Amino acid sequence: MAGMFIDVVVAPEVAKDKDLAAKLTEVCPVAIFAVNGNGTLKIAEENLDECVLCDLCIEAAPSGSVQVKKLYETE
Amino acid sequence: MRFYEYESKELFARHGLPLGQRAVAESADQARQAAADIGGSVVLKSQVLSGGRMKAGAVKFADTPDEAAAHFDAIMPIVVNGQNARSVLVESKSPIAKEYYVGITWDGRRKLPVLIFSDMGGIDIEEVAETHPEHVSKTHISTILPFSPRVAKEAIGAVGVTGSELNRLTPIISTLVEIFLHYDLTLAEINPLAQLENGKFIVLDGHVDMEAEARDKHKALLDDLGIQPEETRQARPPTDFEIKGAQVDASDHRGVAGNVVGFDGNLGLVIGAGGGSLTLFDAVRKHGGKPANYCEIGGNPSVKKAKELTKLILSKPGVEKIAVMMNVVSNTRVDIVARAVIKGCIESGRDPAETIAIFRIPGSWEDEGFKILKKYNVEFCDRSVSMYEAAGRAVAKMS
Amino acid sequence: MSILIDKDTTFIIQGITGREAVNMTRECLNYGSKVVGGVTPGRAGREIYGVPVFDCVRDITKRMKVNGAVVSVPPKFTRDAVFEAIENGIETIVIVTERIPRQEVAQMVELANLRGARIIGPNCLGIITPGQCKMGGVGGPADDTRKAYSSGPVGIMSRSGGMTTEIANTLTAAGLGQSTAVSIGGDAIIGSSYAEIMPLFEADPETKAIAIYSEPGGRMEAELAEWVRENNSRLPVVAFMAGRFMDEMPGMRFGHAGTIVEGKADTTAEKIERMREAGIAVAERIEDIPALIKERLAEAA
Ligand code: SF4
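Parameters at a glance
Residues numbered from 1 in each chain as written. Chains lettered and ligands numbered in written order. Predicted model: local features only at pLDDT ≥ 70, side-chain atom pairs only at ≥ 80, totals over all residues. Heavy atoms only, no water. Salt bridge = Lys/Arg side-chain N within 4 Å of Asp/Glu carboxyl O. Helix = DSSP H or I, 4+ residues; strand = E, 2+ residues; numbered from the N terminus. Buried < 20%, exposed > 50% of the residue type's maximum accessible area, 1.4 Å probe, protein only. Contact = heavy atoms within 4.5 Å. Axes fitted to C-alpha atoms, helices over the stretch in contact; angles between N-to-C directions. Parallel < 35°, antiparallel > 145°, perpendicular 65-115°, else oblique. Left-handed = near helix turned anticlockwise from the far one by under 90°. Nonpolar A, V, L, I, M, F, W, Y, C, P; charged D, E, K, R; others polar. Pairing = 2+ DSSP bridges. Buried area = accessible area lost by both parts, 1.4 Å probe. Polar contact = N/O pair within 3.5 Å; in protein donor to acceptor, adjacent residues only side chain to side chain.

Student: Give me the pattern of salt bridges: which residues, what numbers.
Tutor: Residues and elements named next belong to chain B. The final tally for this structure, using the stated rule, is 60 salt bridges over all chains. Put simply, Glu5 and Lys9 hold a salt bridge, and the shortest N to O gap is 2.8 Å. In this pair, Glu5 and Lys9 are both assigned in helix 1 (residues 5–14), four residues apart and thus about one turn of the helix distant. Exposure remark for Glu5: the relative accessible area of 4% places this residue in the buried category.

So, in structure tokens, the structure goes:
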């Protein structure tokens, strides 16, 4: 489930990558990323609307593999 | 944060200031017992966070334990300046020869504590200062030099008190100054400081105020005195609505979304920050609007925290619409507040376009914020519309 | 010209690695300010947006002349940080931190007075000389700061950080720029009150008028009124008074820590009267400030 204003979409190969998952968890200032028990990436849905649009997650992952969507811009 | 008299006296006693025999009574039976234990005549004083007890009839004298019990019942229901009594202090009544005043407070202009002393105690010190200025001395105290009793001596001497009185008063006043400095007090006052017929001095009435900012630092003392962290001790006790507001603010350390105070109106206010809130509250009233609350958001609170504040305000009985307004913001983000108030409306089952009378927060991230507001059809304005005008638009929408 | 800071002012940021301080550093740099170093104990060797971090102030001041310091450390450590700045010869110290017990503020002020340093704050957003230097969070991000502030003849002093920018923005929109704006802080005891900053504006040839934002509580407005009268100030002063509703609610604390009505002298009614007696114009609304200033500037010309 997306937030009311923000959704974050992560490519499956990035979500499975333990190193990248850990990195995303570290960079996001509002804890939108977390890791599952097996080290894969989990999105903390309740925090999505806290996103400050800092793009740190986008910069931390291979180009295009993390998208931050502003739901108020699309219909 | 004001202490009750019995708490102030407990603090004084720990530091060796001279006090009469006393006990706190929470029932007529306890008052009777206390009077019997103390023996002789006693005075019963309402424990209430306000001055003016004498005038309100909340101080009475008793010669017998039964009389003390009867007075307890008479005193407890008396409301003094909007404050209820917590208990009654029963204290020995002593024959007095002379009354003095001593107080320490802050002089905001000189930015130093000031020791105020007078040999005309027992009455309002400001009145004495006006009618008998030669009987009042004001002596400033350094905050970086160790305290030295010569300050007390000079203060006493300045009103012409000398002899054994000067020597007996010096240590008492010095101790009070040390208490003031040690506990980060904003006021430490003994009035009257009485000289008994036998020449001894005794603290008859006194009270202290501790700076709210210093409460954590002096937690051990507050715990000892039984002062709970949630006791705000403001001019009036907090309402349910205000307590919930404090909980919202405490739920997350990021930014401020609280300082809620309830009023009777129908227009909920989500306003900020410190100065902006004062300005906007005045503006709403100037336009004839009826605020349902005062509040402050600022310092960039999380969406969740500002949302919870919005929901709290919307849940207040009688709130028809909310106005979301701030001064041009620098670190609080427009888009974050926009998300929060819209989400707050929706989660309260209200249509944001209908419920938000006006959104006037220009500044940091405003373009992003305005996109969100547009999408939800919320009326908003940028910095070209003044705070005053925005408040007027909100008020105009109220029936 | 300007007061307190200009394009050549160098300053450091104490507590530079803190979350808010990192943002503030970036935006001060983006505005063109000369942030020459930062201090966080134990973090020497790091850099924040190219600004070198040191363990103590002396490690910077022994190498170069530093004019100012912005202190952005938790309340518990603020007094130590301010003492450190003062004892290392820094002259202008902006304290951003809030919730410092006033006795500690008094200690900082007392030491600053002994050493000839000046404290602005605490609980403030700092100082800005538009187009030259922004020292502190005042105005927010550099781009937003440029929108609100412009260079010109009006000096601003405000007990509210946010309202400093609201007033600047209103002046800018009306074509009135600012010489220097000072967010003086909202606490009961602050390093520099209106009356203590007035002599600087008075001596600054570029400053032609003053706008102030004031609130209930304290004696600062009365002190300003006295100063203006006793010194026969050449500067017209226009004040805005917020919190008028508080006159009816004695003992309640709203807004800043220093904002409370305890006695008659704390009320807005009383303060307005004091100021008007001294010839200070009191605006009913923020947007009335520019016209009142223009009127007075025209009279003076
Ligand atoms: S843009 Fe920033 S806040 Fe948003 S999800 Fe990415 S890292 Fe987190």
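Don't stop here, the text continues.
Student: I'd like a description of the environment of Val328(B), backed by residues and values.
Tutor: Relative to the helices and strands, Val328(B) resides in the loop between strand 14 (321–326) and helix 12 (334–347). On the basis of relative accessibility, which here comes to 3%, the residue Val328(B) falls in the buried class. C-alpha separation for the pair Val328(B) and Leu181(B), spaced 147 residues apart in sequence, amounts to 39 Å. In this structure Val328(B) touches Arg360(B), Pro362(B), Gly363(B), Arg383(B), Gly162(C), Thr165(C), Glu166(C) and Asn169(C), once residues within four positions along its chain are discounted.

Student: Quick one: what's the story with the packing of helix 6 (residues 161–173) of chain C against helix 10 (residues 289–300) of chain C, residue by residue and with numbers?
Tutor: Residue and element names in this part refer to chain C. Two numbers describe how helix 6 lies on helix 10: the axes approach to 9 Å, and their chain directions differ by 60 degrees. Considering the angle they form, helix 6 stands oblique to helix 10. In terms of crossing hand, the pair formed by helix 6 and helix 10 is right-handed. Residue-level inspection shows Ile167, Thr170 and Leu171 of helix 6 in contact with helix 10, the latter providing Ile289, Pro290 and Ile293. Across the contact of helix 6 with helix 10, the residue classes break down as five nonpolar, one polar and no charged.

Student: Which residues make up the pairing of strand 8 (residues 126–129) of chain C, and what are the values?
Tutor: All names here are of chain C. Neither face of strand 8 is exposed, since Gly126 and Ile128 on one face and Ile127 and Thr129 on the opposite face are all buried. Where strand 8 lies against strand 11 (residues 178–183), three bridges are found, and the strand directions are antiparallel. The residue of strand 11 that forms the bridge with Gly126 is Ser183. Pairing geometry for strand 8 and strand 9 (residues 133–135), over three bridges, is antiparallel. For Ile127, the partnering residue across the bridge sits in strand 9 and is Met135.

Student: How would you explain the interface of chain C and chain B if you had to name every residue and give the values?
Tutor: The partner chain B presents 47 residues to the 63 residues of chain C that form the contact. Counting the surface lost from both chain C and chain B, the interface buries some 4,300 Å², and carbon and sulfur atoms represent 53% of this. At the junction of chain C with chain B, the criterion picks out 10 salt bridges. Glu166(C) is the partner of Arg360(B) in a salt bridge, and the nearest nitrogen-oxygen pair spans 2.9 Å. Taken together, the links from chain C to chain B amount to 25 residue pairs in polar contact (both at pLDDT 80 or more).

Read these as layout, nothing more, since geometry by itself doesn't imply function.
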